[in-house]
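# Architecture at a glance
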Amino acid sequence: SQKIEQNSEALNIQEGKTATLTCNYTNYSPAYLQWYRQDPGRGPVFLLLIRENEKEKRKERLKVTFDTTLKQSLFHITASQPADSATYLCALSGGGSQGNLIFGKGTKLSVKP
Amino acid sequence: DAGVIQSPRHEVTEMGQEVTLRCKPISGHDYLFWYRQTMMRGLELLIYFNNNVPIDDSGMPEDRFSAKMPNASFSTLKIQPSEPRDSAVYFCASNALGLAGETQYFGPGTRLLVL
C-alpha cells in the first residue's frame, strides 16, 4: 500500500540555522508533491509544489527538492526564524484527474531564538 | 475572498447524537474536499466533490458518515450516530484546476469531541 513518512515528528533548531525536513514515500509514483504549513488551531496553508520532472524549487527562504529515484523530498528553510515554528506537512498527488492529496503526518519544527 | 468557511468551529456532543458539519468553499472553486485529522492517523481524505458530484468517497470510514453538496457554495458532512472515536478535527478544502492548480485551500476546521 502507499506509504508516506516524514522522518521526524519534531525538529528543534537554533535561529539562523537551516532546517531540513524529509518526506519519504513507497509503493507510489506521484505526479507532484506539495508542502504545507500548519499552525496550531488552523488549517494547512500551501507553501510549494514540485512536479516529478523538477529537481528543485525555491521560494524566498524555502527550497524543495524531489528525487523520484530515492522517492524522497527535502524541504529546507534557510536563515530560520522563530516565526517559522509550525508543523510542516508533505502531500503527494493521489493520482486521477484531480489530485486527491495523500498527506504525511507532519514534522513539528521549533526554532529557538 | 473570505476563504473557505467552516461551521461550527467547535462541537461537543454525546455518543449517539447526530453531528452536522458545514462548509462554504471559495467562490469559483469547483472541487471540494473533506478531511479528518487526528494525532494517530494524521490528515486523511474522506471524500471529494467535483461540480457538486461526489467523485471518491473511499475514505469515508463507515456508513455512519455521509456528505452532500447541494450546490456550489455549500457542503455538509454528517455523522449519525456519532461515536467517541469520531473525535477529531475535520477540515474542508477547495480548489479549482486551471486557477489554483492542484493547491488546496483549507478552512479553519471543526474540532469535534464526542463524549
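Since we're looking at a predicted model, the values are computed, not measured.

Turning to the interface of chain B and chain A, a few remarks are in order. With 22 residues of chain B at the contact, the number on the chain A side is 19 residues. Roughly 1500 Å² is buried in total at the junction of chain B and chain A, and carbon and sulfur atoms are behind 51% of that figure. Joining chain B to chain A, the criterion identifies zero salt bridges. The tally of links between chain B and chain A comes to three residue pairs in polar contact (both at pLDDT 80 or more). Of all the elements in the fold, those that place two or more residues in the side of chain B that touches chain A are β4 (31-38), β5 (42-50) and β9 (88-95) of chain B. The class makeup of the residues in the side of chain B that touches chain A is eleven nonpolar, six polar and five charged.

Residue and element names in this part refer to chain B. Spatially, β1-β3-β8-β7 is the arrangement adopted by the four strands of the open sheet, whose pairing is antiparallel. The open sheet has two free edges, formed respectively by β1 (5-7) and β7 (65-71), since each of these has just one partner strand. Going across the sheet, the axis of each strand differs from the next one's by a mean of 15 degrees, ignoring polarity. Pairing between β1 and strand β3 (residues 19-24): three bridges, direction antiparallel. Paired with Ser7 across the strands is Arg22, a residue of β3.

One finds Trp35, Phe75, Ile77, Tyr88, Leu92 and Leu109 of chain A to be the most contacted residues of the largest nonpolar core, which totals 23 residues. Elements that contribute at least two residues to this core include exactly β3 (19-26), β4 (32-38), β5 (45-51), β7 (62-67), β8 (72-77), β9 (86-93) and β11 (107-112) of chain A. Setting aside residues no more than four positions away along its own chain, Tyr88 of chain A makes contact with Gln6, Leu21, Trp35, Tyr36, Arg37, Leu47, Phe75, Ile77, Gly106, Thr107 and Leu109 of chain A. With 21 residues, the next largest nonpolar core counts Leu32, Met60, Leu77 and Val114 of chain B among its residues.

The next point concerns the environment of Gln80 of chain B. All names here are of chain B. Of note, Gln80 is situated in the loop between β8 (74-79) and β9. For the pair Gln80 and Met15, spaced 65 residues apart in sequence, the C-alpha separation works out to 9.6 Å. Of the polar contacts made by the side chain of Gln80, one reaches the backbone nitrogen of Glu18; its length is 3.3 Å.

Glancing now at a nonpolar patch on the surface. Residue and element names in this part refer to chain B. Taken together, the side chains of Val12, Leu113 and Leu115 define a hydrophobic patch exposed on the protein surface, amounting to about 290 Å² of accessible area. Positionally, Val12 belongs in strand β2 (residues 10-13). The exposure class assigned to Val12 is exposed, which follows from its relative accessible area of 56%.

Another point: the packing of aromatic side chains. Enumeration over the complete set of coordinates arrives at 15 aromatic pairs over all chains. Among the aromatic residues, those joined into a ring-pair cluster are Tyr36, Phe46 and Phe103 of chain A together with Tyr31, Phe33, Tyr35, Tyr48, Phe91 and Phe106 of chain B.

What follows deals with unusual backbone geometry. Between Ser7 of chain B and Pro8 of chain B the backbone carries a cis peptide bond, its omega angle lying at -10 degrees. Here Pro8 of chain B shows up in the loop between β1 and β2. A cis amide bond links Gln80 of chain B with the next residue in sequence, Pro81 of chain B, at an omega value of -5 degrees. Residue placement: Pro81 of chain B occurs in the loop between β8 and β9. Positive phi values are uncommon outside glycine, yet Asn27 of chain A reaches one of about 55 degrees.

Quick notes on the rules
- Residues numbered from 1 in each chain as written.
- Chains lettered and ligands numbered in written order.
- Predicted model: local features only at pLDDT ≥ 70, side-chain atom pairs only at ≥ 80, totals over all residues.
- Heavy atoms only, no water.
- Contact = heavy atoms within 4.5 Å.
- Buried area = accessible area lost by both parts, 1.4 Å probe.
- Salt bridge = Lys/Arg side-chain N within 4 Å of Asp/Glu carboxyl O.
- Polar contact = N/O pair within 3.5 Å; in protein donor to acceptor, adjacent residues only side chain to side chain.
- Helix = DSSP H or I, 4+ residues; strand = E, 2+ residues; numbered from the N terminus.
- Nonpolar A, V, L, I, M, F, W, Y, C, P; charged D, E, K, R; others polar.
- Pairing = 2+ DSSP bridges.
- Axes fitted to C-alpha atoms, helices over the stretch in contact; angles between N-to-C directions.
- Core = buried A, V, L, I, M, F, W, Y, C linked by side-chain atoms within 4.5 Å.
- Buried < 20%, exposed > 50% of the residue type's maximum accessible area, 1.4 Å probe, protein only.
- Patch = residues over 30% accessible without salt bridge, like charges linked within 9 Å, V, L, I, M, F, W, Y side chains within 5 Å.
- Areas by Shrake-Rupley, 256 points an atom, 1.4 Å probe, with all protein chains shown as cover.
- Phe/Tyr/Trp six-rings, centres within 6.5 Å; stacked < 30°, edge-to-face > 60°.

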